[in-house]
Amino acid sequence: MGLIGLGNMGTAIAERVLEAGYPLVVQNRSLEKAAPYVDRGATLADTPTELAEEVDVVLTSLADDEAFEHVAEKVLAAAHPASVLVDLSTVSPAASARVASLADEASVD
């Protein structure tokens, strides 16, 4: 499983995933925010593309429509068919719909 975005919600998610013993790949635009999770066993991906190439499930927790759509484009371009993209960001329905359309084209759930 991969997680992109280590803000307030993303950090809580990362902590719970690691506490539950699941493997986790993390990515954040400011890489220093990932260090505590790497210290606890997570793997660091330098880019959303790298993360998507390594996992079958990608969770995103991003700040806004623009950030979500930018990251989603990179994830969907690199994701394996039948991968799953789960967005946990607070974004507009229009942004969600645009990314859902791109995901369909990429055979990503």
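Residues numbered from 1 in each chain as written. Predicted model: local features only at pLDDT ≥ 70, side-chain atom pairs only at ≥ 80, totals over all residues. Heavy atoms only, no water.

Enquirer: Just to check I follow, could you spell out a nonpolar patch on the surface for this structure?
Expert: Together, L31, V38 and L44 line one region of the surface with nonpolar side chains, adding up to about 190 Å² of accessible area. Along the chain, the position of L44 falls in strand 3 (residues 43-44). Its relative accessible area of 31% is what places L44 among the partly exposed residues. (Patch = residues over 30% accessible without salt bridge, like charges linked within 9 Å, V, L, I, M, F, W, Y side chains within 5 Å. Areas by Shrake-Rupley, 256 points an atom, 1.4 Å probe, with all protein chains shown as cover. Salt bridge = Lys/Arg side-chain N within 4 Å of Asp/Glu carboxyl O. Helix = DSSP H or I, 4+ residues; strand = E, 2+ residues; numbered from the N terminus. Buried < 20%, exposed > 50% of the residue type's maximum accessible area, 1.4 Å probe, protein only.)

Enquirer: Please clarify how the sheet that holds strand 2 (residues 25-27) should be interpreted in this entry.
Expert: Backbone-to-backbone hydrogen bonds join strands into a sheet, with any given pair of strands oriented parallel or antiparallel. Across the sheet, which stays open at both edges, the five strands sit in the order 3-2-1-4-5 with parallel pairing between neighbours. Looking at the sheet topology across the chains shown, the edges are occupied by strand 3 and strand 5 (84-87). In this structure, strand 2 lies alongside strand 3, joined through two bridges in parallel fashion. Residue pairing across strands places V26 opposite L44, the latter belonging to strand 3. In the packing of helix 4 (residues 65-78) onto the sheet, the strands contacted are strand 1 (2-4), strand 4 (57-60) and strand 5, and the crossing angle to strand 5 comes to about 170°. (Pairing = 2+ DSSP bridges. Contact = heavy atoms within 4.5 Å. Axes fitted to C-alpha atoms, helices over the stretch in contact; angles between N-to-C directions.)

Enquirer: Is there a simple way to explain helix 1 (residues 8-19) in this structure?
Expert: In an α-helix, one turn spans 3.6 residues; hence positions three or four apart end up facing the same way. Look at helix 1: 17 Å from first C-alpha to last across 12 residues, which is about the 16 Å you get at 1.5 Å a residue. Each element contacted by the buried residues of helix 1 is listed here: strand 1, helix 2 (35-39) and strand 4. One or two steps after helix 1, the chain reaches G21, where phi turns positive at roughly 90°. (Expected span 1.5 Å × (residues − 1).)

Taken by themselves, the reported measurements are silent on function.
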